[in-house]
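The residues making up each chain are set out below.
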Amino acid sequence: MTQPTERNRLDEEESPYLRQHADNPVNWQPWDERALEAAREHDVPIFLSIGYSACHWCHVMEEESFADEEVAEVLNEHFVPIKVDREERPDVDSIYMTVCQLVTGGGGWPLSAWLTPDGKPFYVGTYFPKEPKRGQPGFRDLLDRISDSWRDPDDRAEMENRADQWTEAARGQLEETPESVGAAEPPSSEVLETAADTALRSADRQYGGFGSGGPKFPQPARLRVLARADDRTGRDEYRAVLEETLDAMAAGGLYDHVGGGFHRYCVDRDWTVPHFEKMLYDNAEIPRTMLAGYQLTGNERYAEVTRETLAFVDRELTHDEGGFFSTLDAQSETEAGEREEGAFYVWTPDEIRDAVDDGTAADLFCDRYDVTESGNFEGQNQPNIVAPIDTLADRYDLSEDEVRDRLETARERLFEAREERPRPARDEKVLAGWNGLMISTCAEAGFVLGADEYATMAVDALEFVRDRLWDDDEERLSRRYKDGDVAVEGYLEDYAFLARGALYCYEVTGEVDHLAFALDLARVIEAEFWDADRETLYFTPESGEALVTRPQELGDQSTPSAAGVAVETLLALDGFAEEDFESIASGVLETHAGRLESDPLQHATLCLAADRLESGALEVTVAADEVPDEWYERFATQYLPDRLFAPRPPTDDGLESWLDRLDLAEAPAIWADRDARDGEPTLYVCRNRTCSPPTTDVDDAIEWLSETEVESDDGSESGENVPF
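Residues numbered from 1 in each chain as written. Predicted model: local features only at pLDDT ≥ 70, side-chain atom pairs only at ≥ 80, totals over all residues. Heavy atoms only, no water.

Summing up its helical and strand segments, the protein chain has 28 helices and 22 strands in all. Computed over C-alpha atoms, the radius of gyration of the protein chain comes to 27 Å, within 12% of the 27 Å expected from 2.2 N^0.38 for 724 residues, which places it in the range of a compact globule. On the principal axes, the C-alpha backbone points of the protein chain span a range of 85 × 70 × 45 Å. For the protein chain, the proportion of contacts with a sequence separation of at least 24, taken over those separated by at least 6, is 69%. Total accessible area on the protein chain stands at roughly 28,000 Å², and carbon and sulfur atoms take up 40% of it. Each charge class in the protein chain can be summarised by its mean position, and for the 67 positive and 162 negative side chains these summaries are 4 Å apart. (Helix = DSSP H or I, 4+ residues; strand = E, 2+ residues; numbered from the N terminus. Rg over C-alpha atoms; globule rule 2.2 N^0.38 Å. Contact = heavy atoms within 4.5 Å. Areas by Shrake-Rupley, 256 points an atom, 1.4 Å probe, with all protein chains shown as cover. Lys, Arg positive; Asp, Glu negative; His and termini not counted. Charge placed at Lys NZ, Arg CZ, Asp CG, Glu CD.)

Our focus in this paragraph is the nonpolar core. In this structure, Trp114, Phe139, Leu226, Leu537, Phe576, Phe635 and Trp671 are the most contacted members of the largest nonpolar core, which totals 191 residues. If you tally residues by element for this core, the top one is helix α20 (residues 492-509), at 12 residues. Once residues lying within four places of it in the same chain are set aside, the contact partners of Leu537 are Leu492, Ile525, Phe529, Trp530, Gln552, Ala563, Ala566, Val567, Ile584 and Val588. Listed in part, the 26 residues of the second largest apolar core include Trp31, Ile82, Val92 and Trp166. (Core = buried A, V, L, I, M, F, W, Y, C linked by side-chain atoms within 4.5 Å. Buried < 20%, exposed > 50% of the residue type's maximum accessible area, 1.4 Å probe, protein only.)

Another point: the sheet that holds strand β7 (residues 278-279). The strand order across the open sheet built from three strands is β7-β8-β11, with neighbouring strands paired in antiparallel fashion. Here the strands that pair on one side only, and so sit at the sheet edges, are β7 and β11 (426-427). Here two bridges tie β7 to strand β8 (residues 327-328), and the two strands are oriented antiparallel to one another. Along β8, the bridge assignment pairs Lys278 with Leu328. (Pairing = 2+ DSSP bridges.)

Let us now look at helix α18 (residues 432-449). Its 18 residues place the ends of α18 25 Å apart at the C-alpha level, agreeing with the 26 Å of an ideal helix rising 1.5 Å per residue. The buried fraction of α18 amounts to 18 of the 18 residues, a majority that puts the element mostly inside the structure. Taken from the residues just after α18, Gly450 is the one with a positive phi, measuring 65°. (Expected span 1.5 Å × (residues − 1).)

Under the counting rule described, the total for this entry stands at 31 aromatic pairs. Geometrically, the ring pair formed by Tyr52 and Trp109 is edge-to-face, given 6.0 Å between the ring centres and 80° between the ring planes. Highlighted residues: Tyr52 in the loop between β1 (46-51) and α3 (56-66) and Trp109 in the loop between α5 (90-104) and β3 (111-115), separated in sequence by 57 residues. Given the relative accessible area of 26%, Trp109 is considered partly exposed. Among the aromatic residues, ring-to-ring pairing joins Trp28, Phe47, Phe66, Trp114, Tyr123, Phe128 and Phe139 into one connected group. We note Arg86 situated over the ring of Tyr52; from NZ or CZ to the ring centre the distance is 4.5 Å. Taking the ring centre of Trp166 as reference, the NZ or CZ of Arg162 above it sits at 5.8 Å. (Phe/Tyr/Trp six-rings, centres within 6.5 Å; stacked < 30°, edge-to-face > 60°. Lys NZ or Arg CZ within 6 Å of the ring centre and 35° of its normal.)

Under the counting rule described, the total for this entry stands at 66 salt bridges. For Arg151, the salt bridge is made with Asp148, and the minimal N-O distance between the two is 2.9 Å. Taken together, the positions of Arg151 and Asp148, both in helix α6 (residues 139-151) and three residues apart, correspond to about one turn of that helix. The network of salt bridges with shared partners includes Arg228, Asp231, Arg232, Glu568, Asp611 and Asp642. (Salt bridge = Lys/Arg side-chain N within 4 Å of Asp/Glu carboxyl O.)

With the rule as written, the count across this model stands at two cavities of 30 Å³ or more. In this structure, the largest cavity encloses a volume near 450 Å³. Of all the secondary structure elements, the ones that give two or more residues to the lining of the largest cavity are α10 (220-233), α12 (282-297), α20, α22 (562-573), α25 (604-615) and β19 (643-648). Tallying contributions element by element places α12 first for the lining of the largest cavity, with five residues. Here the lining of the largest cavity is built from residues that sort into 11 nonpolar, three polar and 10 charged. Empty space within the second largest cavity amounts to approximately 30 Å³. Taken together, Tyr255, Asp256, His257, Val258, Tyr345, Gln382, Pro383 and Arg418 make up the full set of residues lining the second largest cavity. (1 Å grid on protein atoms, 1.4 Å probe; cavity = no way out; pocket = protein on both sides within 12 Å on 5 of 7 lines; lining within 4 Å. Points joined across faces, edges and corners; volume = space filled by probe spheres on them. Nonpolar A, V, L, I, M, F, W, Y, C, P; charged D, E, K, R; others polar.)

For the rest of this paragraph, the subject is the sheet that holds strand β4 (residues 121-125). The strand order β2-β1-β3-β4 describes an open sheet built from four strands, whose pairing is mixed. Each of the sheet's edge strands pairs with one partner strand only, and the pair in question is β2 (80-85) and β4. Each neighbouring strand pair of the sheet contributes to a mean axis angle of 20°, computed without reference to strand direction. Relative to β4, β3 is paired through four bridges, and the arrangement is antiparallel. Bridging across to β4, Ala113 finds its partner in Val124. On top of the sheet, α5 reaches β1, β2, β3 and β4; it is set at about 75° to β4, its chief contact. (Axes fitted to C-alpha atoms, helices over the stretch in contact; angles between N-to-C directions.)

Once that is clear, we can look at the confidence of the model for the protein chain. Detailed reading of the predicted coordinates is not advisable wherever pLDDT is low. The predicted model of the protein chain has a mean per-residue pLDDT of 93, with 96% of residues at 70 or higher. Under a pLDDT of 50 for its full length, residues 709-724 has, in the predicted model, 34 contacts with residues more than four places off or in other chains. (pLDDT = per-residue confidence, 0-100.)

Looking at chain direction, strand β14 (residues 476-482) and strand β15 (residues 485-489) are connected through four bridges and run antiparallel. Note that in β15 the partner of Tyr481 across the bridge is Val486. Between β14 and β15, which pair antiparallel one after the other, the connecting turn spans two residues, and Asp483 there sits at a positive phi close to 50°.

Close contact between helix α11 (residues 236-251) and helix α13 (residues 300-316) brings their axes to 11 Å; oriented N to C, the two are set at 45°. It follows from the interaxial angle that α11 and α13 lie oblique. Relative to α13, α11 is oriented so that their crossing is left-handed. For the pair α11 and α13, the contacting residues are Glu243, Leu246, Asp247 and Ala250 in the first and Arg301, Tyr302 and Val305 in the second. (Parallel < 35°, antiparallel > 145°, perpendicular 65-115°, else oblique. Left-handed = near helix turned anticlockwise from the far one by under 90°.)

Now for the environment of Gly260. Note that Gly260 resides in the loop between α11 and β5 (265-266). Not counting residues up to four positions away in its chain, the partners in contact with Gly260 are Tyr255, Lys278, Glu308 and Phe312.

Looking now at the pairing of β3. The buried fraction of β3 is high, at five of five residues. Burial of β3 is two-sided: the residues Leu111, Ala113 and Leu115 facing one way and the residues Ser112 and Trp114 facing the other way are all buried. By the bridge criterion, five bridges tie β1 to β3 in an arrangement that is antiparallel. Of the residues in β3, the one forming a bridge with Leu48 is Ala113. Counting the residues that bridge the hairpin from β3 to β4 gives five residues, and of these Gly119 lies at a positive phi of roughly 90°.

This is how it looks when you write it as structure tokens:
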């Protein structure tokens, strides 16, 4: 039989994950029309393998099967083998991962799927060992069986029938119509409390996090639900679970205590051993949640972890010109030259003593961070905080300050020693959406922590992405930049996450260009992703590639729901736009009200959006040439989850140039008639269309805010209010 593809084409790709497979004997193809046409022309199945560069089991399957000449011979002769980087093509991943979860009850990467030539799946799974093992079929045997069945007319008919059924099931899951899920009105803020109550029931009150066993994932959207529910209700249990989980993540192996930053998840219940890859999105979303915890509780540890994580991102995941890279691999080389998971991060007591060169400081570090001879990870140790400072002070007859100083000295020396180790590989893709998440966190950290360097990180990254991935003429966003190469049409998450990041940059800097860019992105969301007939937001653009179904992303995954962030961001931008963004947000929530009410915790970000729609934004308009630092500081100390900080020029004459930049005929309500009084910076604080008197004293505004009820039972508000 003539092979349907003649060579491995992945050396033509920029994705580091795809290039990792460029030397395989498998004739891998990227997902493109040329590969799909080869399957149709030769009438052979597609073998689709989806993964990402930091995926441990992806590497294992490559070493066992894809580097094997015999396996490659079968794949090349009887299939069109296609390799997809899920980080570049989340649309393709979403469809086939949904099928895998529906059929097998689980999922993960590598995702292995066999498709008909027209892209419909008929067999799915994740990692397969080369030979049968522990009840799993061997990959080599699977290939033979599937190939034989495809050539048998009766078996093939059954496979094609199954493919049709599975595709329809995926379409029903991903592309629901409003008739099946719609409601007369958006869900009320009650879904927020329902989601929070569900989180309480699933909370691990002994070790923190959610679920009664391992693995433990960060779940930042659930934590933000708890934070906002605590703010809305004052119920102590919400805050208790929030703090227990933040404390567990900050103390356990999820966190890198030597160099800062978070690993992907922990494999055990008590947060001891992580899966060692570091993802940009985790190091954006977890610190943003830590900042909320810091505002709610005043716990300085949450601010400290945020600072250390942003230092890690700046040092290890930042392009020289400002954008953020995607991941660090879990594996790195040992002294023996073998690649092992966690090799860069783990320690033995002897390695600690050699690096620290101070017996007491080394012993303190080992006691503090559970570094023992037996180890907690394959005979070595991933540091976890197990001993409090005061206990160590008593044990070593030192003051608490002396303990902290010696521990910091030990950490610094361990960091220096670790820098000499072979480093984990870095995936240097710059993804628009993931950068949007990190930009939001950096900007929020600049606001909350009062640090200009974080706002600078945010703005530098925003400008990097805008310069390279935004086409001003076409007004379209691409998803990926790598070494000068731009590829992949942007998805809803790219537009939504980046729009939120641009809005946050405007809030913290007062630069109108960032607001204008956020509005440009929002307008494309309306034009390309909003379906007015079905009243929903799709994940893929209307003008994009047609797949076997057009997915939506309503639930939170490893990143927040694209639809949820889009709805929240459209609500925030509605006050600046001539477009009716609020009606889009309301329409999405109405359409999917049934989902939110029946399974609120899986749709945590959309529940947060529903709460924002009903509660309204807290608008803080500042008329000034430059917002006084003290004003930022005073608002930064408050947990105000619906805060919308809206700087504007002090005079209407100055506002004219801003309106030109935003292509607005007149000032939006959030700025209209809100100029500076007596030539002084002036504050207007408004909630639910009721405002404080204009004031030049930030304490007056804060006092009005603290005395004003968000909403009384009869819908009226208390305080000295001036309706606009």
